[in-house]
Amino acid sequence: MRCSEACERNKAPILAVLRDWLPSRARVLEVGSGSGQHAVHFCRQWPGLSWQPSDCAAALADLAERIALEGRSGLAPEAALADPLELDVDRQDQWPRERFDAVFSANTTHIMAASSLPRLIGGAAAVLEPAGLLLLYGPFHENGAATAASNAAFDAMLRARDPAMGVRDARDLRVLAQDAGLDPCADLPLPAQNRMLIFRRR
Ligand SMILES: C[S@@+](CC[C@H](N)C(=O)[O-])C[C@H]1O[C@@H](n2cnc3c(N)ncnc32)[C@H](O)[C@@H]1O
């Protein structure tokens, strides 16, 4: 099974932020779940959490394997981990029709093309309940510059691999969010020069 060491390191600090910000019985859509480690960990730790993992078609088989192997036992009381949904943010028809208290996405904005970001943020706004939250975790630049040498190096590595990738500027994400009806409400520092950007639906 695909396994991300970064997920093992960041899952506890991310969970602490989610627990601070979301209602106790939150219904959450995760975009770009990848290995599914976050989904499994959160549902094992959080009674009453309802989590919908998702990813693009190419990543779905790996994700489904983890959910099937690890997500069917050992969950916290009344936690619910759904079968993964196929969701490419660029495919309007793949966004779910149900509403969520939050949309969470980790380490996806620097992987998807910049042209996909309005669709990530607009799609999230459309599935959020009023006052629902969009939470974006990862490394972000600020006002056109890297905030840490490690993020500058990571950005250069991504762009060399694929010019469509790259660490995004939080200022640009805030503008996209405002346009989609989401107000920035927090920007939290997390370990290893990562951040959690939080937006609330108007
Ligand atoms: C670096 S991985 C992060 C996975 C996981 N969230 C984590 O933190 O380990 C980036 C993820 O973004 C997903 N992704 C890339 N483009 C996407 C798109 N257009 N729509 C949805 N997910 C996308 C990839 O399939 C991949 O699972």
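Computed from a prediction, not measured in an experiment: that's the story for all the values here.

Caption draft 1: Here's a closer look at the site of the ligand. By nearness alone, 16 residues border the ligand, and Gly32, Asp55, Asp88, Val89 and Ala106 come closest of all. Separating a nitrogen atom of the ligand from a side-chain N or O atom of aspartate 88 is a distance of 3.1 Å. One nitrogen or oxygen atom from the main chain of valine 89 is found 3.0 Å from a nitrogen atom belonging to the ligand. Burial of the ligand by the protein amounts to 84% of the accessible area it has alone, namely 580 Å². In terms of residue class, the shell around the ligand is built from 8 nonpolar, 6 polar and 2 charged.

Caption draft 2: Here's a closer look at the side chain of serine 54. Take serine 54: it is sitting in strand β3 (residues 54-55). Among the polar contacts listed, one links the side chain of serine 54 to the backbone oxygen of glutamate 30, at a separation of 2.6 Å. Once residues lying within four places of it in the same chain are set aside, the contact partners of serine 54 are Leu29, Glu30, Val31, Gly32, Ser33, Leu63, Leu85 and Leu87.

Caption draft 3: Highlighting the pattern of salt bridges. One pass over the full model with this rule turns up 13 salt bridges. For the salt bridge of arginine 66 with glutamate 70, the shortest nitrogen-to-oxygen distance reads 3.1 Å. Note that arginine 66 and glutamate 70 are positioned in helix α3 (residues 57-70) at a spacing of 4 residues, about one turn of the helix. Look at glutamate 70 and you get partly exposed, because its relative accessible area is 23%. With its nearest N and O atoms 2.8 Å apart, the salt bridge here joins aspartate 187 to arginine 195. For aspartate 187, a relative accessible area of 36% gives the class partly exposed. Note on arginine 195: relative accessible area 9%, which makes it buried.

Caption draft 4: Spatial organisation of the pairing of strand β9 (residues 194-201). The element β9 is extensively covered by neighbouring structure, given that 6 of its 8 residues are classed as buried. Of the pairings in the sheet, the one linking strand β7 (residues 128-138) to β9 comprises 6 bridges and is antiparallel in character. What sits directly across from leucine 134, in β9, is phenylalanine 199. Note that strand β8 (residues 182-190) and β9 share 8 bridges and pair antiparallel. Looking at the pairing, aspartate 187 lines up with leucine 197 of β9.

Caption draft 5: Structural detail: the environment of asparagine 10. The residue asparagine 10 is located in helix α1 (residues 5-21) in this model. Given the relative accessible area of 7%, asparagine 10 is considered buried. C-alpha separation for the pair asparagine 10 and glycine 138, spaced 128 residues apart in sequence, amounts to 10.0 Å. In this structure asparagine 10 touches His38, Asn107 and Tyr137, once residues within four positions along its chain are discounted.

Caption draft 6: Structural detail: the packing of aromatic side chains. This model, assessed by the stated rule, comprises 3 aromatic pairs. With a centroid separation of 5.2 Å and an interplanar angle of 75°, the aromatic rings of phenylalanine 42 and tryptophan 51 are classed as edge-to-face. Relative to phenylalanine 104, the ring of tryptophan 51 lies with its centre 5.8 Å away and its plane at 55°, an arrangement referred to as tilted. A residue pair is termed long-range when its members are at least 10 positions apart, and tryptophan 51 in strand β2 (residues 50-52) and phenylalanine 104 in strand β6 (residues 100-106) qualify at 53 residues. Of the two residues, tryptophan 51 and phenylalanine 104, both sit in the buried class. By way of ring pairs, the aromatic residues Phe42, Trp51 and Phe104 are connected into one cluster.

Rules of the game
Residues numbered from 1 in each chain as written. Predicted model: local features only at pLDDT ≥ 70, side-chain atom pairs only at ≥ 80, totals over all residues. Heavy atoms only, no water. Near = heavy atom within 4 Å. Polar contact = N/O pair within 3.5 Å; in protein donor to acceptor, adjacent residues only side chain to side chain. Areas by Shrake-Rupley, 256 points an atom, 1.4 Å probe, with all protein chains shown as cover. Nonpolar A, V, L, I, M, F, W, Y, C, P; charged D, E, K, R; others polar. Helix = DSSP H or I, 4+ residues; strand = E, 2+ residues; numbered from the N terminus. Contact = heavy atoms within 4.5 Å. Salt bridge = Lys/Arg side-chain N within 4 Å of Asp/Glu carboxyl O. Buried < 20%, exposed > 50% of the residue type's maximum accessible area, 1.4 Å probe, protein only. Pairing = 2+ DSSP bridges. Phe/Tyr/Trp six-rings, centres within 6.5 Å; stacked < 30°, edge-to-face > 60°.

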